Amino acid sequence: MDNLRNEMRMEFLALSSNEGFARVAVGAFVAELNPTVDELADIKTAVSEAVTNCIIHGYEQKEGSIWISCRIEGRQVEISVEDTGKGIKNIEQAREPLFTTKPELERSGMGFAFMEAFMDEVEVISEPWKGTSVIMRKTIGEG
C-alpha cells in the first residue's frame, strides 16, 4: 500500500451547486487510502473552501471553469484547485484570518485559515487576471 500511486483530473463550471460535487468526487478518489472519518471530513472541507473561493472571488459568481487534480503517492494526497479568474493581488493578505474582499456577501474571511487547519500544507500561486492555483497536501494515517 505504501507505493500506491493514482491520479485524476476534472473540470466543472464555477457554480455553487458544483461545490458539493467537488467534495464528493475528491472524497471518493481519496477513499482508496481508507481515511478516517475525520481525515475525510478535513479534506472535503478544504476542497469546499478552495472551490468556493474560485466561485466567489476568482470569477465573482460569473461564468468560468474550475479544475481539480488529485494525486496519491504512498499515503500522501495532493489536491490542486485551479481557476482562470481575476487572481489574488496580495496572497499574504488574503491568507490572513478574517480578511475578506467581499464583506457585503457576509464572507467570513476564513477560507485559507480552514484549508491550512485541515491540511498539512497549503500553497497558493496566483497572478492578477490570470488565475489562482491552491495546492493542498495531507498524509493519511498520520494520526
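Further up the page is the structure itself.
Residues numbered from 1 in each chain as written. Predicted model: local features only at pLDDT ≥ 70, side-chain atom pairs only at ≥ 80, totals over all residues. Heavy atoms only, no water.

**A closer look at the overall build of the protein chain**
Each helix and strand in the protein chain was counted, giving four helices and five strands. Across the protein chain, helices and strands are ordered from the amino to the carboxyl terminus as β-α-α-β-β-α-α-β-β. Looking at the protein chain as a whole, 48% of its 143 residues qualify as buried. Pairs at least 24 apart in sequence give 65% of the contacts found in the protein chain among residues at least 6 apart. (Helix = DSSP H or I, 4+ residues; strand = E, 2+ residues; numbered from the N terminus. Buried < 20%, exposed > 50% of the residue type's maximum accessible area, 1.4 Å probe, protein only. Contact = heavy atoms within 4.5 Å.)

**Side note on helix H1 (residues 18–30)**
One full turn of an α-helix is made of 3.6 residues, so residues set three or four places apart face in the same direction. For H1, with 13 residues, the first-to-last C-alpha span of 18 Å sits near the 18 Å given by 1.5 Å per residue. Of the positions making up H1, those classed as buried are Asn18, Ala22, Ala25, Val26, Gly27, Phe29 and Val30. Looking at the buried side of H1, the elements it contacts are strand E1 (5–13), helix H2 (37–58), strand E2 (65–73) and strand E3 (76–83). (Expected span 1.5 Å × (residues − 1).)

**Points about the pattern of salt bridges**
Summed over the entire model, instances satisfying the criterion amount to twelve salt bridges. A salt bridge links Lys130 to Glu127; the nearest nitrogen and oxygen atoms lie 3.6 Å apart. Looking at Lys130, the relative accessible area reads 58%, which means it is exposed. One network of salt bridges, in which partners are shared, links Arg5, Glu7, Arg71, Glu73, Glu78, Glu121, Glu123 and Arg137. (Salt bridge = Lys/Arg side-chain N within 4 Å of Asp/Glu carboxyl O.)

**Thoughts on the side chain of Arg137**
Tracing the backbone through its elements, the reader meets Arg137 in strand E5 (residues 131–139). Side-chain polar atoms of Arg137 contact the side chain of Glu123, separated by 3.4 Å. (Polar contact = N/O pair within 3.5 Å; in protein donor to acceptor, adjacent residues only side chain to side chain.)

**Observations regarding the packing of H2 against helix H4 (residues 111–118)**
One can describe the packing of H2 onto H4 by two numbers: an axis separation of 9 Å at closest approach and a directional angle of 155°. The pairing of H2 with H4 is recorded here as roughly antiparallel in orientation. As for the relative orientation of H2 and H4, their crossing is left-handed in sense. From H2, Asp42, Thr45, Ala46, Glu49, Ala50 and Asn53 reach across to H4, where they touch Gly111, Phe112, Phe114, Met115 and Phe118. Residue classes in the contact of H2 with H4 are distributed as six nonpolar, three polar and two charged. (Axes fitted to C-alpha atoms, helices over the stretch in contact; angles between N-to-C directions. Parallel < 35°, antiparallel > 145°, perpendicular 65-115°, else oblique. Left-handed = near helix turned anticlockwise from the far one by under 90°. Nonpolar A, V, L, I, M, F, W, Y, C, P; charged D, E, K, R; others polar.)

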